[in-house]
Amino acid sequence: AMPQKFDLQAALAKDVEQRDQFELCWSTVDAYTSKSKTCRCCGAEYSGGANRIWVHLLGRRVGTSVRQCTYLNGDPSIQAEFDKIKLRAVELENANAAKNAAHEHSRQLTAASSVNPLATQSTATEADRAAATRTPSANVVDLTQMDMRTALGKQRTGGTILTADEVDAQWSRAFIATGGAFHHADNKEFRKAVLMTALCGQRYVKVDASQGQGAVPALESKLPKRTRFATTLLDATDSETQRSAKVLMHSTLADTGMGITSDGMANVRNQPLINVILLTPTGQFVEHVINAEGEDKTNEWVGERINEVIHAQGPKNVVLVVMDGACRGAFQYINNVYPHVICIICCAHAIDLLLEDFAKEGTQGPVVAGEGRFSFDTAWTRDRLAAGRRIVKFITNHQKTLYLYREKVKQVPHGELPKGGTELLKPGATRFATEFISAERQLRCKSILQMLVVSPEYDMWARAQRAEATRTAAAEVKALVLNNARWDEIEAIITVCEPLYKILRLCDANTPTLGKIYMRMLDVDQTLQEDVPHLPKARREEYHELFMARWRYMHHHAMVGAAVVDPEFWDREWSTEGADDEESEWAQFEATVKQVAQTPGAAEDGHTEAAILADYSDWTLAMKTAGEGVN
């Protein structure tokens, strides 16, 4: 049945300022759902939104399945009235845009006056002049994160488009939809980008009016797409950042010098790359990445590439080169050209190799470059760490046991909980020393683990398991957790390895730590020379022998100079008693550097830390020239 005729002429005669084209088009249908609508003019049923309603009424879009309204049938007078409505809507839009621009300038003037009251008058004059000559675009509208058509309708009637809560909710939806990390919301640059977008306002919105006359313009942000971000913008931003950073870097090189570190890697196409990074007090900068595809990467070739970087940066500016042990042979080719440059093996790399040596897979002992193979029994350490992995894996992989464990944690008084947390940690393949970190957490939570395995709930759950393998594993875990002798052995392993892990953490610091690493390595040496509880003497000596091999592998006499000038160790006594001639001369140099560093007014006399290290470098070169060498 035909619906009651809709008096469209009466609707068109109403004041356009009181009803916009959106409200008008929706008033021509009976249903307000997207699935079914009935035209109040001709009775036709169709689905869609405001755009399809306009298509039905005016019939001006090609390639759509919506039929034209038979009641209107393209009546020119009706279409003319609609065109008047749209024209008036554009005029209202321009008026609103001018009003918003004036409000924004007023806000900026208020902010400027709070910062610099003297600049308010001149700023206001320029702002007023700009506002007077500005002609708002007919296609400029505010960017919204809600239904764009509804927002546009509200703007044309002068209503409030968005609230802060609506914007916050849309940001939350954006984070969830993209899988973004929420800590980005605290990032200074991220928040600055959001603020600049808000201040840019309508200029950061584009309107797609290509849908034809009478269609609702589509709003879209001018935020660049992924491709532009990943190509031109990223390259331009990176280049600008690198330039500004290097300007700051070069301003300090005369006082501090720089270091160079390099390592190999492979990209997603499995091409061998060698990255070169500059180390300065102002930050680390990627100098460039060398494509080594098809190259015979010998030590001489690597040394030549580093020499090219040193030449480009200026030999006087480079004082240090750091690489891993695989490039140890390249050091001689660097020092042949630049004898003053200190070349050392990466401390983090060497200490990680040492921790791996303690629990290395295989039946043969570990091999240290320049030292040979050791008869170290890696199975003893490896088996005890592997037992800990089985405990953690079993408890965390079963929901019931993990629940029971956490319930036992709640029963421990707050003041008696282990420091650092109670969650059981699984070793990770991509993080240094995680085997020992996991074992240390288990040792701290020993009492809680024992409370778990002796509880009736644990036994009842284990007996109820259908799989024999699960029942066997539960019994094994219980035996391991209750084995006090095993816990004593774990404690001995942690006593040896924990100081090494702390040294490893020092390598991640952004402050000079070479001297600190040296002194703490001496402390580990002293620990392994003394009795370690629950560790047999023969096994302790094996640990010590392997430690000393890696210590010699990574050691460089520059570490001693760094320790001497480190204020943390100025009160340490540097004895020369019992030393041979070579060590005595080195100790005398240490004492001289220490005395200069502690002399009042040293900085005024030019004896800065950089100058001291430069003197040390000259002394090292003299020692090498004389053929004496330094251990």
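Residues numbered from 1 in each chain as written. Predicted model: local features only at pLDDT ≥ 70, side-chain atom pairs only at ≥ 80, totals over all residues. Heavy atoms only, no water.

*Asks:* Any chance you could explain the overall build of the protein chain here in plain terms?
*Replies:* Check the secondary structure of the protein chain and you find 25 helices and eleven strands. Burial status across the protein chain gives 38% buried among its 631 residues. Looking at the protein chain as shown, the accessible area adds up to about 35,800 Å², and 52% of this sits on carbon and sulfur atoms. (Helix = DSSP H or I, 4+ residues; strand = E, 2+ residues; numbered from the N terminus. Buried < 20%, exposed > 50% of the residue type's maximum accessible area, 1.4 Å probe, protein only. Areas by Shrake-Rupley, 256 points an atom, 1.4 Å probe, with all protein chains shown as cover.)

*Asks:* Explain the nonpolar core to me, please; I cannot follow it from the model alone.
*Replies:* Nonpolar side chains in soluble globular proteins generally cluster together in the buried interior. Counting 75 residues, the largest nonpolar core has Ile310, Val321, Met323, Phe358, Leu500, Tyr543 and Met554 as the members making the most contacts within it. When residues in this core are grouped by element, the largest group, eleven residues, is from helix H20 (residues 484-506). Once you skip the residues sitting within four places of it in the chain, Ile310 turns out to touch Ile260, Pro315, Val318, Val321, Ile334, Tyr338 and Val341. Ala387, Ile391, Leu404 and Ala462 belong to the second-largest nonpolar core, a separate cluster that totals 23 residues. (Core = buried A, V, L, I, M, F, W, Y, C linked by side-chain atoms within 4.5 Å. Contact = heavy atoms within 4.5 Å.)

*Asks:* Can you walk me through the pattern of salt bridges in this structure?
*Replies:* Working definition: two side chains of opposite charge can pair if their charged atoms are close together. Per the counting criterion, the structure on display carries 14 salt bridges. The partner of Arg305 in a salt bridge is Glu308, and the shortest N-O contact between them spans 2.8 Å. Placement of both Arg305 and Glu308 in helix H11 (residues 299-313) is noted, with a separation of three residues, approximately one turn of the helix. Among the residues examined, Glu308 registers a relative accessible area of 47% and is labelled partly exposed. Measuring nitrogen to oxygen at the nearest pair gives 3.0 Å for the salt bridge that ties Arg444 to Glu440. Of the two residues, Arg444 and Glu440 are both situated in helix H16 (residues 434-444); the distance of four residues between them amounts to about one turn of the helix. Three or more residues are tied together by salt bridges with common partners; here these are Lys516, Arg520, Asp566 and Glu568. (Salt bridge = Lys/Arg side-chain N within 4 Å of Asp/Glu carboxyl O.)

*Asks:* What is the right way to look at helix H18 (residues 456-463) in this model?
*Replies:* Helical geometry: 3.6 residues make up each α-helical turn, so side chains three or four residues apart lie on a common side. All of the buried residues in H18 are Tyr458, Trp461 and Ala462. The arc enclosing the buried residues of H18, seen along the axis, measures out at 100 degrees, which places them on a common side. Relative to its buried face, H18 has exposed residues pointing more than 90 degrees away, namely Pro456, Met460 and Arg463. On its buried face, H18 is in contact with helix H14 (378-397), helix H15 (399-411), helix H17 (446-453) and helix H19 (468-481). (Arc of directions from axis to C-beta.)

*Asks:* Is there a simple way to explain the pairing of strand E9 (residues 342-345) in this structure?
*Replies:* For a regular strand, the rule is simple: side chains alternate between the two faces of the sheet. The alternating pattern of E9 places Ile342 and Ile344 on one face and Cys343 and Ile345 on the opposite face, and all of these are buried. Each parallel crossover has a hand, and for strand E8 (residues 318-323) linked through helix H12 (residues 331-337) to E9 it is right-handed. (Right-handed = clockwise from strand over helix to strand, strands pointing away.)

*Asks:* It is not clear to me how the sheet that holds E9 should be interpreted in this structure. Could you clarify?
*Replies:* Two orientations exist for strands paired in a sheet by backbone hydrogen bonds: parallel and antiparallel. The five strands lie next to each other as E7-E6-E5-E8-E9, forming an open sheet whose pairing is mixed. Every interior strand has two partners, whereas the edge strands, strand E7 (283-291) and E9, have only one. Ignoring which end each strand starts from, the neighbouring axes of this sheet average 25 degrees apart. Two strands pair when backbone bridges link them, and strand E6 (residues 272-280) and E7 are joined in this way by eight bridges, in the antiparallel orientation. From the neighbouring strand, Ile277 faces E7, where its bridge partner is Val286. (Pairing = 2+ DSSP bridges. Axes fitted to C-alpha atoms, helices over the stretch in contact; angles between N-to-C directions.)

*Asks:* Just to check I follow, could you spell out the side chain of Arg486 for this structure?
*Replies:* Looking at the element boundaries, Arg486 is found in helix H20. Of the side chains with opposite charge, Glu489 comes closest to the buried, unpaired Arg486, at an N-O distance of 6.8 Å. (Lys, Arg positive; Asp, Glu negative; His and termini not counted.)

*Asks:* Looking at this structure, I do not really get the confidence of the model for the protein chain. What am I missing?
*Replies:* The predicted structure's coordinates, where accompanied by low pLDDT, should not be read in detail. Taken residue by residue, the protein chain gives an average pLDDT of 75. The fraction at 70 or more is 67%. Considering each helix and strand of the protein chain separately, the mean pLDDT is smallest for helix H5 (residues 120-133), with a value of 43, and largest for H19, with 95. Within the model, pLDDT remains below 50 along residues 15-19, and this stretch shows nine contacts once partners closer than five positions in the same chain are excluded. Ignoring residues within four places in sequence, the model shows residues 576-582, a span with pLDDT below 50, making six contacts including any to other chains. (pLDDT = per-residue confidence, 0-100.)

*Asks:* Is there a simple way to explain the environment of Asn484 in this structure?
*Replies:* Its place among the elements puts Asn484 in helix H20. Sequence-wise, Asn484 and Lys446 are 38 residues apart; in three dimensions their C-alpha atoms are separated by 9.7 Å. Excluding anything up to four places from it in sequence, Asn484 contacts Lys446 and Gln450.

*Asks:* Before we go on, may I ask you to explain the packing of H14 against H20 in this structure?
*Replies:* Helix packing geometry: the angle between the two helix axes and the distance between the axes. Contact geometry for H14 and H20: axes closest at 11 Å, N-to-C directions at 115 degrees. Taken as axis vectors, H14 and H20 run roughly perpendicular relative to one another. The handedness of the crossing between H14 and H20 comes out as left-handed. Judged by residue contacts, Trp380, Thr381, Arg384, Ala387, Gly388 and Ile391 of H14 engage Arg486, Glu489, Ile490 and Ile493 from H20. Within the contact of H14 with H20, the residues separate by chemical class into five nonpolar, two polar and three charged. (Parallel < 35°, antiparallel > 145°, perpendicular 65-115°, else oblique. Left-handed = near helix turned anticlockwise from the far one by under 90°. Nonpolar A, V, L, I, M, F, W, Y, C, P; charged D, E, K, R; others polar.)

*Asks:* Honestly, the packing of aromatic side chains in this entry has me stumped. Any pointers?
*Replies:* Remark: the centre distance and the inter-plane angle together describe each pair of aromatic rings, the angle taken between the planes. Tallied over the full model, the rule gives eight aromatic pairs. A ring pair is formed by Phe358 and Tyr543, whose centres lie 4.8 Å apart and whose planes are at 80 degrees; its orientation type is edge-to-face. Remark: Tyr543 occurs in helix H22 (residues 537-554) and Phe358 occurs in helix H13 (residues 347-358); sequence separation between them is 185 residues. Summarising the burial analysis for this pair, Phe358 and Tyr543 share the class buried. Ring geometry for Tyr458 versus Trp461: centroids 6.4 Å apart, planes at 40 degrees, classification tilted. Placement of the pair is Tyr458 and Trp461 together in helix H18, with a separation of three residues, close to one helical turn. (Phe/Tyr/Trp six-rings, centres within 6.5 Å; stacked < 30°, edge-to-face > 60°.)

*Asks:* How do you make sense of H20 when you look at a structure like this?
*Replies:* Spanning 23 residues, H20 covers 33 Å between terminal C-alpha atoms, matching the ideal 33 Å at 1.5 Å per step. Within H20, the axis deviates most sharply at Cys497, by approximately 35 degrees, and proline Pro499 lies no more than four positions further along. N-cap assignment for H20: the residue whose side-chain oxygen lies 3.1 Å from the backbone N of Ala485 is Asn483. (Expected span 1.5 Å × (residues − 1). Bend = angle between axes of the 7 residues up to and from the residue. Polar contact = N/O pair within 3.5 Å; in protein donor to acceptor, adjacent residues only side chain to side chain.)

*Asks:* Please clarify how the side chain of Thr381 should be interpreted in this entry.
*Replies:* Topologically, Thr381 is positioned in helix H14. When its relative accessible area of 0% is taken as the criterion, Thr381 is described as buried.

*Asks:* Which parts of the structure should I look at to understand the environment of Cys69?
*Replies:* Within the secondary structure layout, Cys69 lies in the loop between helix H3 (50-58) and helix H4 (76-115). Given a relative accessible area of 1%, Cys69 falls into the buried group. Counting along the chain gives 15 residues from Cys69 to Trp54, while the straight-line C-alpha distance between them is 9.8 Å. Not counting residues within four places of it along the chain, the set of residues in contact with Cys69 comprises Cys39, Cys41, Cys42, His56 and Leu57.

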